[in-house]
Structure formats: C-alpha cells, structure tokens
Amino acid sequence: MDILKKIEQYRSQEEKLRWEGTFADYLKLVKEKPWVAQSAHSRIYNMIRDAGVEEENGHKVYRFFSHEMFGLEEALEKLVEEYFHPAAKRLDVRKRILLLMGPVSGGKSTLVTMLKRGLEAYSRTDRGAVYAIKGCPMHEDPLHLIPQHLREDFYREYGIKVEGNLSPLNTMRLEEEYGGRIEDVLVERIFLSEDKRVGIGTFSPSDPKSQDIADLTGSIDFSTIAEYGSESDPRAYRFDGELNKANRGLMEFQEMLKCDEKFLWHLLSLTQEGNFKAGRFALISADELIVAHTNETEYRSFISNKKNEALHSRIIVMPVPYNLKVSQEERIYEKMIRDSDVADVHIAPHTLKVAAMFTVLTRLKEPKRGDIDLLKKMRLYDGENVEGFNSSDLNELKKEYQDEGMSGIDPRYVINRISSTIIRKKVPAINALDVLRSLKEGLDQHPSITQELREKYLNFISVARKEYDEMAKKEVQKAFVYSYEESAKTLMDNYLDNVEAFCNKSKLRDPLTGEEINPDEKLMRSIEEQIGISENAKKAFREEILIRISALARKGKRFDYRSHARLREAIQKKLFADLKDVVKITTSAKTPDEQQLKKINEVVARLIDEHGYNSTSANELLRYVGSLLNR
Ligand SMILES: Nc1ncnc2c1ncn2[C@@H]1O[C@H](COP(=O)(O)OP(=O)(O)O)[C@@H](O)[C@H]1O
Ligand SMILES: [Mg+2]
C-alpha cells in the first residue's frame, strides 16, 4: 500500500514540475532564473556544490560524494577544482574528455554512476532545471534559436553567452512548423533520465575495432527517406546516437582507450569544438560532459602509441586512486556487504578492520624517511595519533610519492574472499582469522601476483594477524572486568590520590579507619612499570601528571583516565596484568569447573551485549585468546 502511494506521489510531483510554453515565455523564465540557461558542465558543478562543501584539515570535502565514496576526499577535491569548476566557468578544460584513471575496482564506475543519478535528481529541482525545444530528439537548448547576429544584443540584455548553432532538424522545423516565428517555438522542461535516454548516455563499444560511429551520432532512417525524398533531409535521420541523447547532460564512455583512433577523432572533435558531424549535415552542436575511465597500464600504452599523440591534449586525466585509510576501507566493505546477498551473516567485530589493514598495507609505499615504518604510516594516514609524529609529518609522507594508491589489493577481491569464507564455513558467523586465512589462500590463486609480491603480501597478512591478536586480547580482558570503565576509573583515582600525596609530601587518610597513611609506593610502581617508567624517572612522571591536572583545572576541566594517553595505557595494562591468570585459566580450561563456567558465561554475555558479538563469535574469540595467552 505504502509503495503504491509513493508511486502516485512521485507521479504527481512530476506533473507539478512539468512546464511548457513558447520561446517568448521561456525568455521570461530566463530573466527570472538565469541559471536555467547554464551549460551542462556548469550544472554538474553546481549540483556538486549545492550538496554542500566542508573544510577538513585544510581540504574541501564535497558532501555530494561522501555518502558513497570513502577516503577519496583529496582526489575528489582535485577533480572538482581542476576539472568541474573551471569547466563550469567555460575554461578550456571543458573541451577535453575527462578520463578517470585508476586501479581496478577503485570506484571509477561508482563515481560516474553517482554523477548520473545525481543529475537525474538535480534536474527535478529548481536549481537544476533544464529546458529544451519541445519534440527535439536531442533536447536542444532553446537559446540556440537566437540567430547569430542577435547574440551580442542578447548577451547585453541577459548576460548570457549563447554557444552553438541551431541543429539542422530544428532549423527545418522552425520554418516548416513555426513559419520562422522563433518566439512561437514550443519549449518544455525536461527531466534527465538514463532509462529514458534523456541527457544521460552510456556508450560501450561492442567490438572496439569495428565500431560503428552511428551508435554515437545516429543514422539515416531508411524507412522515411522515401517520404522525405532525400538523405539530406534531417527528418530522415534518427538522432538517436548516444552523443545525441546525452546532450545537455553527461555521457559515459566505457572502454574508450580500446577504441580505434579514427573513432576517437569524432569524439574529440565534439569536445574540442563543441559539435560533431552526423550524416550529411552541418556540424551539430552539443553540450555535454564526456567522461571515460581507464587503468594505468592501458593509459600508458595509449600514451606511448605515436598515432595517438594528437589526442593527448584533448584528454584531461584525473587520478582515482585506492583509498588509503583503514577506517574508510572498512566502510567500503560494509557498504559492499550491505548490497550483497550475504548481508545477514554475522561478521565478528574487528574482522573488517583487520582485512582493511591488510589491504591498505598492500597499497602503501614504503616511507623514504627512515624514522617511520609502514604500520605507523598506515595509522597516521588514518588520522590516528602516533607518538612522535604530527600532521606535518603526515603531509611530508604524502608528498613522498605522487602515485600512491595506484596498485595493491582491490576491495572486490576482499569481498569475494569474505563471501567464499561465508559459504565455506556454513555457520552464520565469520571472524578475522577466517578472513585472513581466506585472503592468504586466495593469494595462491590470484593470477596477477608475482612470487615476490606474494611474499610481501603474506608478510602483511602476518602483520594484520599480530594486530588482531592484540585487539582480541584486549577485548576479552575488558569483558572479564565487571565494568571496565568503572574499574579503570577507580584504579586511576586511587593512583592520583597517591601521586598527589607523594608530590606534596603529605599523607593519605585511610577511608575505613581514618588513620593517616603513607602513599602506596607499591601500587604506584606497579602501574608505572607497565609502561616502562624507571625508578629514576618516576618523580618526573608523577609531577608531570600533577601539572596536567592543574592545567586542566584552570580551564575548568576535570582530569579523567582519558586525559593522559600513557597513563591510560598503564592503567589498562595493570588491570589486564591482574587479570591475566584468571583469563588464561578460564579461557583455556578443557573442562571448566562451575566457577569458571559461570565466569565464561558472564564474559560471553558481555561480549554479546556490549561488544557486538554473537554466541558463536564470542566463544570462538574466547578460545582463541585462551590459546594466545598460553603460548
Ligand atoms: N573509495 C571507495 N569508496 C566507496 N566504494 C568504493 C571505493 N573504492 C571502491 N569501492 C567499491 O568497490 C566496488 C568496485 O568499484 P567500481 O566503481 O566498480 O570500480 P572501477 O570502476 O574503478 O573498477 C564498488 O562496489 C565500489 O562501490
Ligand atoms: Mg568500472
């Protein structure tokens, strides 16, 4: 019922948006809303901008892309600023084909699809409205009706530059149907739609070598030649090529570089001059963005072919690299899994993160500066705090390579491995170890991986595995503490009281007896030793903490266990150290006694309730951590 209502609603909205009038009416509209006369490039840019722009770390983040493209903010910023924006301003880049270059499954098609779906929606808004000569198969821009010799005047009055000539078909229609009265020509609002072939086209060469240009520019309609008497009568021509249909919007050109160069020339003259040749007619003006995609190898071989030289300057290449942030890679997997048919399988916490670590490591290049390793670089890239490094180190690292992210493991590979794990395991839960194992097995079957690369990747799998071991241990230990946060806070407060007394050379009061007692040196040391603070360094460390407390207090803030990263680590380690034996014995007991069983059930329940596990994955985790602690 609901869906039927929505369908009806949608239809009535469409009805409301419909507009039809004469060219004279249209001119009034243009006066009122000059943006309706913008070029296709400008409309695309405004669509992106209207969705919102945010500043983040000195970079612009375009919200238009941010709900589906993850971790590519910098590439997208470049794309908008070096292509869409200048193209919208009618600068020369507009006359070049936009070629997205990037590794396989790096999001190029997704990007183009977003632009297409975006345009469909945008043309239904006020800011994105598009109008065309009614009944024109190419939805020609009504302003083309203005004769060349009046365009100067038009510009003075309306501030709009008209580009392009009236097409042969509409030139004829103007005479035949409207008796030359431009002001009477009917104009209508159009709604871009790929399905209906309005303003959005996709061209995919069937056989790149013997491609028929008619697929792009339309063809003679032999059934009507007899009626109109001549092949050069535009009414005997079908303007139904992909370039015709995509007029006013966007055309995606798949496999462009695989096409014959003769074929490409047509296309390039279109972008260069803003028009193309069809049949026996004068050039046909077109207003559309042409976007193609390719991988690096294909592009290099295209570039190195002498025959293609003249084409280079007519293409603008924009890189679409792989994402290099672990947390964003996780989001990519989540999205891909949500869209797949394994969406209902339980994936244990950390599974996708661990897979993402492996993937990102394969994409990163070894830092040139010697003071940082790949794992730390990976963390910095993901915006984590890495001790001893800051944001200028991050920028420096990014500048070391221009072409980072152009190779490595692609997200689809990971998703395929995850799917095959799910199918094989037959239980409705998979964990990080399952996935790492599957990634490893997959490397043997991967056709394009050399022996050397395989070794390297296997090593990254071990690195990711080690990271996982740490996460797994922490998770279980936390779940063993009745209330982790509470316990950490209590221990911290206790430590701070003692530190304060120590530094002030004062005494503490026993909460039970009220007696004065000395600071508990043993307790303080047991915490400090967790992070390697020596006997000699303890005084400085304690004083530093007191200074931090009073600095925060001056700002009206309270010091808590999150305020000091090292102290936090020390507290955590101390809690875990105290627990270690219990955890070890409980998790690895072959036949747990009643007490242990109770504890295990409690921990499993906590893992399920508070940490996102299900009973299978929680039990698997406990068993694994038990085996780790017993090594
Ligand atoms: N940076 C990214 N953000 C979001 N999704 C991505 C990203 N990179 C790849 N993907 C996903 O990976 C899959 C393959 O991407 P696709 O656009 O087909 O790549 P390409 O056309 O470059 O080969 C898609 O499901 C896509 O959504
Ligand atoms: Mg693709």
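Calculation criteria
- Position numbers for residues count from 1 along each chain, tracking the sequence in the order it is written.
- Both sets of labels track the order of writing: A upward for chains, 1 upward for ligands.
- Two thresholds apply to this predicted model, a pLDDT of at least 70 for residue-level local features and 80 or more for giving and counting side-chain atom pairs, whereas whole-chain, interface and lining totals are computed over all residues.
- Processing note: side-chain calculations cover all non-hydrogen atoms of the structure and skip hydrogens and water entirely.
- Pairing between strands requires that DSSP locate at least two bridges from one strand to the other.
- Counting from the N terminus, the helices are the DSSP runs of H or I reaching at least four residues and the strands are the DSSP runs of E reaching at least two.
- Axis definition: a line fitted to C-alpha atoms, limited for helices to the stretch in contact. Angles are taken between N-to-C directions and run from 0 to 180 degrees.
- Here a pair means two rings of Phe, Tyr or Trp (six-membered ring of Trp) with centres within 6.5 Å. Their orientation is stacked below 30 degrees between planes, edge-to-face above 60, and tilted elsewhere.
- Residue exposure (1.4 Å probe, protein chains only): buried if accessible area is under 20% of the type maximum, exposed if over 50%, otherwise partly exposed.
- By definition here, charges over rings are those cases where NZ of Lys or CZ of Arg is within 6 Å of the ring centre and within 35 degrees of the ring normal.
- To be near a molecule or strand, a residue needs just one of its heavy atoms within 4 Å of it.
- Pairing of N or O atoms within 3.5 Å defines a polar contact, subject to two protein rules: one partner must be a possible hydrogen donor and the other a possible acceptor, and residues neighboring in sequence count only if both atoms are side-chain atoms.
- The method behind every accessible area is Shrake-Rupley, applied with a 1.4 Å probe, and residues are considered shielded solely by the protein chains displayed.
- Under the scheme applied here, ten amino acids are nonpolar (Ala, Val, Leu, Ile, Met, Phe, Trp, Tyr, Cys and Pro), four are charged (Asp, Glu, Lys and Arg), and all others, including Gly, are polar.
- Domain delimitation follows an automatic or database domain assignment.
- Cavities and pockets are defined on a 1 Å grid built over the protein atoms alone: a cavity is a set of grid points where a 1.4 Å probe fits but cannot escape, while a pocket is an open set with protein on both sides within 12 Å along at least five of seven lines, and lining residues are those with an atom within 4 Å of any such point.
- Grid points are joined across faces, edges and corners, and a volume is the space filled by probe spheres set on the points.
- In these notes the angle categories are as follows: under 35 degrees is roughly parallel, over 145 is roughly antiparallel, 65 to 115 is roughly perpendicular, and the rest is oblique.
- Here a crossing is taken to be left-handed if its near helix is turned anticlockwise relative to the far helix by less than a right angle, and right-handed if that turn runs clockwise.
- Contacts were defined at the residue level, with two residues in contact if any of their heavy atoms lie within 4.5 Å.
- The term nonpolar core refers to a set of buried residues drawn from Ala, Val, Leu, Ile, Met, Phe, Trp, Tyr and Cys, joined through side-chain atoms within 4.5 Å.
- By definition here, a salt bridge exists when the distance from a side-chain nitrogen of Lys or Arg to a carboxyl oxygen of Asp or Glu is within 4 Å.

(A) Main features of the sheet that holds strand S7 (residues 200-203). Judged by pairing direction, the sheet is parallel, and its 5 strands sit side by side in the order S7-S10-S13-S4-S14 without closing on themselves. Two strands lie at the open edges of the sheet, namely S7 and strand S14 (315-319), each paired on one side alone. Each neighbouring strand pair of the sheet contributes to a mean axis angle of 25 degrees, computed without reference to strand direction. Here 4 bridges tie strand S4 (residues 97-101) to strand S13 (residues 289-294), and the two strands are oriented parallel to one another. Each bridged residue has a counterpart across the sheet, and for Leu100 the counterpart in S13 is His293.

(B) How the structure looks around the pairing of strand S3 (residues 59-62). Bridge count for strand S2 (residues 53-56) against S3 is 4 bridges, and the pairing is antiparallel. Paired with Glu54 across the two strands is Val61, which belongs to S3. The turn joining S2 and S3, which pair antiparallel and follow one another in sequence, is formed by 2 residues; a positive phi near 45 degrees is taken by Asn57.

(C) Seen up close, the packing of aromatic side chains. Counted by the stated rule, this structure contains 11 aromatic pairs. With a centroid separation of 5.0 Å and an interplanar angle of 90 degrees, the aromatic rings of Phe64 and Phe65 are classed as edge-to-face. The exposure class assigned to Phe64 is buried, which follows from its relative accessible area of 10%. Clustering of aromatic rings is evident, with ring pairs tying together Trp19, Phe23, Tyr26 and Tyr131. Geometry around Tyr401 places Lys368 over its ring, the cationic atom sitting 4.6 Å from the centre. The positively charged end of Arg542 is found above the aromatic ring belonging to Phe502, 4.4 Å away from the centroid.

(D) Structural context of the site of ligand 1. Around ligand 1 sit 17 residues in total, of which Ser105, Lys108, Ser109, Thr110 and Lys335 are the nearest. One nitrogen or oxygen atom from the main chain of Ser105 is found 2.7 Å from an oxygen atom belonging to ligand 1. Across the complex, the protein chains shield 88% of the 550 Å² of accessible surface that ligand 1 would expose by itself. Contributing elements (two or more residues each) for the shell around ligand 1: helix H6 (108-122), helix H15 (326-338) and helix H19 (411-425). Per-class residue counts for the shell around ligand 1 are 8 nonpolar, 5 polar and 4 charged. Residues lining the shell around ligand 1 come from more than one domain, with at least three contributed by each of domain 1 (22-319) and domain 2 (326-470).

(E) Local environment of the layout of surface pockets. The volume enclosed by the largest pocket comes to roughly 1,600 Å³. With 9 residues, helix H25 (residues 565-588) is the largest single contributor of residues to the lining of the largest pocket. Residue classes in the lining of the largest pocket are distributed as 11 nonpolar, 4 polar and 18 charged. Shared between two domains, the lining of the largest pocket holds at least three residues of each, these being domain 2 (326-470) and domain 3 (484-579). Taken as a whole, the second largest pocket holds about 910 Å³ of empty space. Taken together, the elements giving at least two residues each to the lining of the second largest pocket come down to helix H5 (73-88), helix H13 (296-304), S14 and helix H18 (391-400). Considering only residue class, the lining of the second largest pocket consists of 12 nonpolar, 5 polar and 11 charged. Two domains each donate at least three residues to the lining of the second largest pocket, and these are domain 1 (22-319) and domain 2 (326-470).

(F) Summary view of the domain arrangement of the chain. Parsing the chain into structural domains produces domain 1 (22-319), domain 2 (326-470) and domain 3 (484-579). Taking the mean C-alpha position of each, domain 1 and domain 3 sit 67 Å from one another.

(G) Spotlight on the packing of helix H16 (residues 351-363) against helix H20 (residues 432-445). It is at 8 Å that the axes of H16 and H20 come closest, and there the two elements cross at 30 degrees. Between H16 and H20, the interaxial angle falls into the category roughly parallel. Judged by the sense of rotation from one axis to the other, the crossing of H16 with H20 is right-handed. Of the residues in H20, those touching H16 at Thr351, Val354, Ala355 and Phe358 are Ala432, Val435, Leu436 and Leu439. The residue inventory of the contact of H16 with H20, partitioned by class, reads 7 nonpolar, 1 polar and no charged.

(H) How the structure looks around unusual backbone geometry. Non-glycine residue Arg248 carries a positive phi angle of around 85 degrees. Mapped onto the elements, Arg248 comes out in the loop between helix H11 (242-245) and strand S10 (250-253). On the basis of relative accessibility, which here comes to 2%, the residue Arg248 falls in the buried class.

(I) Inspection of the nonpolar core at higher detail. Ranked by size, the top nonpolar core spans 89 residues in total, and within it Leu439, Tyr495 and Leu567 carry the most contacts. No other element matches the 10 residues that helix H21 (residues 451-480) contributes to this core. Both domains that furnish three or more residues to this core are identified here as domain 2 (326-470) and domain 3 (484-579). Ignoring any residue separated from it by four or fewer positions in sequence, one finds Leu439 in contact with Ala355, Phe358, Tyr413, Val414, Arg417 and Ile461.

(J) A look at the pattern of salt bridges. Tallying each qualifying case throughout the model produces 60 salt bridges. Close ionic contact of Lys306 with Glu309 constitutes a salt bridge, the shortest N to O distance being 3.1 Å. For Arg369, the salt bridge is made with Glu396, and the minimal N-O distance between the two is 3.0 Å. Taken together, the positions of Arg369 in the loop between H16 and helix H17 (374-381) and Glu396 in helix H18 put the pair 27 residues apart, joining distant regions of the chain. Each of the salt bridges in this network shares a partner with another, and the network as a whole consists of Glu521, Arg525, Glu528, Glu535, Lys538 and Arg542.

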